[in-house]
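A closer look at the structure
One letter stands for each residue in the lines below.
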Amino acid sequence: MNNKTIRSIKGTQDILPEESIKWQSLENEIRKITSHYGYEEIRTPAFEQTKLFSRGVGEETDIVSKEMYSWTDQGGENLTLKPELTASVARAYIQHNLGLVSPVNKLYYIDALFRRERPQKGRYRQFHQFGVEAFGSEHPEIDAEVIALAISIFYSVGLEELQLNINSIGSPECRKNYRIALQEFLKPHFSNLSETSQKRFNNNPLRILDTKAPHEINILNDAPIISNYWTDEDETHFKKVIEYLDILEIKYQLMPRLVRGLDYYTRTTFEITSSNLGAQDAICGGGRYDGLVEMLGGKPTPGIGFAAGMERLLLAMKNNQSKKNKVQIYIVGLGDNARGTVIKLAEELRQQNIATEFDVLRRSLKAQLREANKMGVSYAIIIGDKELESNQLELKNFSTGNQQKIELNKIVEHMNSLSF
Ligand code: AMP
């Protein structure tokens, strides 16, 4: 490759046919299972107004503060390639008054997102997520349904050794009190905190709990836990979620320090990890965001969802046995006169949903048959001058080796009557 060759951008990936077949089977499974749970697909644009994310994700998150691909376009608008989907879906929900159409809206997406992160295995700058967002119910039944849906998809695509970590971060009232308690606790340790945590101390102390620094994790071992600040309603809600998970026989790990730092996140929060992955072991993160729709200018509407990384899922699906779509018929064309008939016949067979290939390199009979064999076709149809003249095509059955003659105008009907 010389240095004039244009290459893809760091942190992005081409998904070549060998891989895309795995993507398709994962996507098919996602679409099938989400539909069993009554979720319908929503597709939103690749870019949005930047303020959607600064409001809908939060200025203080890593995503918004340092990872967004943002620019000002020729018309002076501040735009951003979407770095996550919940804000876009909530915007669409508000914009199209979906709450008036139906009291509960259950949506899912499979989409590409963009974050300027440091690329490594399982972490990219353009990556894909599938996720669901359920708007309209504050009740724990929907929390359990959303979690059951995630687990069901992961198991059905062959993931093993999943761990569901779950917590409730309570109502805004609970978090207000917890925030004060956490600041009180951290005050004496302030000088030992990292610069990032010191910044978060005033703006968003809950996010300090997300730290990966061992000395901070040590300090936080004795920090107050949010469940002590739940209101009675928060506690009842969480207990019900857990009760439903028990009924559904879904195993979970209570994680008192699993939090989401932004004001519009409420109550149930969860993540699912897989021990099949290395350092980047999180497959999916989710939770309630009862304040988000209102925050983006809609009517107060409860919501809950999750987002799962497609690349991580594919990495974790070790035994992905997706099969290539098989070509069923190969038409061997010989000589200039046959080419028009070959193209026409291929088209007619394809119209009958029979996967058909023909040679576009004008190769010899032997080379074309070799190619057909390599493709693993069930049949080859041979058309040359002799066959055109007699109107009788040669049909070769690859599994038995038998060869028979079929009239040109009967071939489509004949092939249609066979099972592949
Ligand atoms: P988040 O939207 O950050 O809560 O992430 C949800 C899921 O998306 C994670 O659990 C990962 O599976 C996946 N994910 C997040 N960031 C990346 C990335 N940069 N590259 C690949 N997958 C990612």
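This text follows the structure it describes.
Below you will find a few notes about this structure.

What counts as what
Residues numbered from 1 in each chain as written. Predicted model: local features only at pLDDT ≥ 70, side-chain atom pairs only at ≥ 80, totals over all residues. Heavy atoms only, no water. Helix = DSSP H or I, 4+ residues; strand = E, 2+ residues; numbered from the N terminus. Rg over C-alpha atoms; globule rule 2.2 N^0.38 Å. Buried < 20%, exposed > 50% of the residue type's maximum accessible area, 1.4 Å probe, protein only. Contact = heavy atoms within 4.5 Å. Areas by Shrake-Rupley, 256 points an atom, 1.4 Å probe, with all protein chains shown as cover. Lys, Arg positive; Asp, Glu negative; His and termini not counted. Charge placed at Lys NZ, Arg CZ, Asp CG, Glu CD. Pairing = 2+ DSSP bridges. Phe/Tyr/Trp six-rings, centres within 6.5 Å; stacked < 30°, edge-to-face > 60°. Lys NZ or Arg CZ within 6 Å of the ring centre and 35° of its normal.

Quick look at the overall build of the chain
Helix and strand counts for the chain come out as 16 helices and 16 strands. Computed over the C-alpha atoms, the radius of gyration of the chain is 28 Å, more than 25% above the 22 Å expected from 2.2 N^0.38 for a compact globule of 420 residues. Along the three orthogonal principal directions, the C-alpha set of the chain runs to about 95 × 55 × 40 Å. Looking at the chain as a whole, 48% of its 420 residues are labelled buried. Across the chain, every contact between residues at least 6 apart in sequence was considered, and the portion connecting residues at least 24 apart equals 70%. Counting only carbon and sulfur atoms, one obtains 48% of the accessible surface of the chain, whose full area is about 22,500 Å². In the chain, which carries 52 positive and 55 negative side-chain charges, the distance between the mean positions of the two groups comes to 6 Å.

Some points on the pairing of strand β7 (residues 162–168)
Sheet faces and side chains relate simply in a regular strand, where the side chains alternate between the two faces. Counting buried residues along β7, 6 of its 7 residues qualify, which places the element largely inside the surrounding structure. As defined by bridge partners, β7 adjoins strand β9 (residues 266–274) across 7 bridges and the pair is classed as antiparallel. Across the sheet, isoleucine 166 pairs through a bridge with phenylalanine 270, a residue of β9. Sheet analysis places β7 next to strand β8 (residues 253–254), joined by 2 bridges and oriented parallel. In the strand pairing of β8, asparagine 165 is matched with glutamine 253.

Brief notes about the packing of aromatic side chains
This structure, assessed with the given rule, holds 9 aromatic pairs. Each ring, one from tyrosine 93 and one from phenylalanine 135, has its centre 4.3 Å from the other, and the planes form 20 degrees; the classification is stacked. Of the two residues, tyrosine 93 is situated in helix α4 (residues 86–95) and phenylalanine 135 in strand β6 (residues 126–135); the sequence distance between them amounts to 42 residues. With respect to burial, tyrosine 93 and phenylalanine 135 carry one shared label: buried. Seen in terms of ring centroids, tyrosine 264 and tyrosine 265 are 5.5 Å apart; in terms of plane orientation they differ by 50 degrees. Their pairing is tilted. Judged by relative accessible area, which is 6%, tyrosine 264 ranks as buried. Accessibility expressed as a relative area gives 12% for tyrosine 265, which makes it buried. Here a set of aromatic residues connected by ring pairs shows up, and it is made of Tyr93, Phe135 and Tyr289. Between the NZ or CZ atom of lysine 396 and the centre of the ring of phenylalanine 398, over which it lies, the distance is 5.7 Å.

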